[in-house]
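Architecture at a glance
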Amino acid sequence: MKKYAAITLLAATLAGCDNNSAPLSFTPEMASFSNEFDFDPLRGPVKDFTQTLFNEKGEVSKRVTGTVSEEGCFDTLELHDLEANTGVALVLDANYYIDAETQQRKVKLQGKCQLAELPSAGVTWDTDDNGFVVAAHGKEMEVKYRYDADGYPLGKTTVSGDQHLSVQSTPSKDLRKRMDYSAVSLLNDKPMGNVTQSCDYDRHNNPVSCDLTIKDDSVKPAVERKYTIKNTIEYY
């Protein structure tokens, strides 16, 4: 009995250590792509995922689907905005993402699989020493991106002419629940709206379902919209 009790205690201790260990950080590619293509970043050995945004009527508003290599590169990425009736399917081909339908080169890459250039829009991206996209440059605009030490995207600032748009995100202090956040949008320092999100998580500390509330202060009276996000994630 004493031996069994010792083993049980050891197992409990190890489990406790595992639960208290810090979760995996967000990779530069996952954080940067989520920033640029507007989806929640995921961490860990993600193989493929789908994020679906539902409106209050239960209708699909947006959907993002991606497949990721074991090295962390996006092999494919599909973006569909059903409200705007737009969409694109990107496939990795050497150092480009090509349109799956037209085979047209859409995005040029730097290094192994990080964003470098959007030729059709004349946009180029800069990365820092850790490989995160920290800036984007175009003919009439400049964007700067921010991250925390965990690789979580903290928002971005876009300057175009005399327009200065800033998005500031504040995630939960719990490192395992980073997709629980609030964000504020400012246009020329004037509040334009805010976003709050809370989620349920899987064992990899990734969200499986989230409640999202968006408040638009740019109109009077302010408009509040509620959404639900459902994620399906497969791991290596």
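A brief look at the structure comes next. (Residues numbered from 1 in each chain as written. Predicted model: local features only at pLDDT ≥ 70, side-chain atom pairs only at ≥ 80, totals over all residues. Heavy atoms only, no water.)

A look at the pattern of salt bridges
Close approach of charged atoms allows side chains with opposite charge to pair. To be explicit about the condition: Salt bridges are defined as contacts in which a side-chain nitrogen from Lys or Arg sits within 4 Å of a carboxyl oxygen from Asp or Glu. Working definition: helices are DSSP H or I runs of at least four residues, strands are E runs of at least two. Numbering for both runs from the N terminus. The buried label goes to any residue with under 20% of its type's maximum accessible area, the exposed label to any with over 50%, and the partly exposed label to all in between, with areas taken from a 1.4 Å probe on protein chains only.
As enumerated under the stated definition, the model contains five salt bridges in all. R43 is the salt-bridge partner of D150, the closest N and O atoms lying 3.0 Å from each other. Note that D150 is positioned in the loop between β10 (142-147) and β11 (153-160) and R43 in the loop between α2 (28-37) and β1 (46-54), a separation of 107 residues in sequence. By the burial criterion, D150 is buried, and R43 matches it. In this structure, the salt-bridge partner of K226 is E224, at a minimum N-O distance of 3.6 Å.

Focus: the side chain of N205
The criterion, for reference: Throughout, a contact is declared for two residues whenever any of their heavy atoms are within 4.5 Å.
Its place among the elements puts N205 in the loop between β14 (190-201) and β15 (207-216). Looking at N205, the relative accessible area reads 13%, which means it is buried. Those residues in contact with N205 that lie beyond four places of it in its chain are P23, R43 and R176.

Concerning the pairing of strand β2 (residues 60-68)
Heads up, the condition is: Note on pairing: two strands pair once DSSP finds at least 2 bridges between them.
Pairing between β1 and β2: seven bridges, direction antiparallel. Each residue of the ladder has a partner; that of F49, found in β2, is G66. Taking the residues that link successive antiparallel strands as the turn, the β1-β2 hairpin has five residues, and the phi of G58 there is positive, at about 85°. By the bridge criterion, seven bridges tie β2 to strand β3 (residues 74-81) in an arrangement that is antiparallel. The partner of T67 across the bridge, within β3, is T76. The antiparallel hairpin formed by β2 and β3 contains five residues in its connecting segment, where G72 sits at a positive phi of about 95°.

Brief notes about the state of the cysteines
Selection criterion: Disulfide: a pair of cysteine sulfur atoms within 2.5 Å of each other.
The tally for this structure, following the rule as stated, stands at two disulfides. Disulfide pairing places C199 opposite C210 at an S-S distance of 2.1 Å. Residues C199 and C210 are joined by a disulfide whose S-S torsion is about 105°; by sign, that bridge is right-handed. Of the two residues, C199 sits in strand β14 while C210 sits in strand β15, which places them eleven residues apart along the sequence. Note on C210: relative accessible area 1%, which makes it buried. Taken in sequence order, the bonded cysteines of the protein link in the pattern 1-2, 3-4.

With respect to unusual backbone geometry
In this chain, K220 is followed by P221 through a cis amide linkage whose omega measures -5°. Note that P221 resides in the loop between β15 and β16 (223-235). Phi at A94 is positive, roughly 60°, even though this residue is not glycine. We note that Q103 has phi near 65°; this positive angle belongs to a residue other than glycine. Mapped onto the fold, Q103 is located in the loop between β5 (96-99) and β6 (105-110).

Everything listed here is a matter of coordinates, which is why it stays silent on function.
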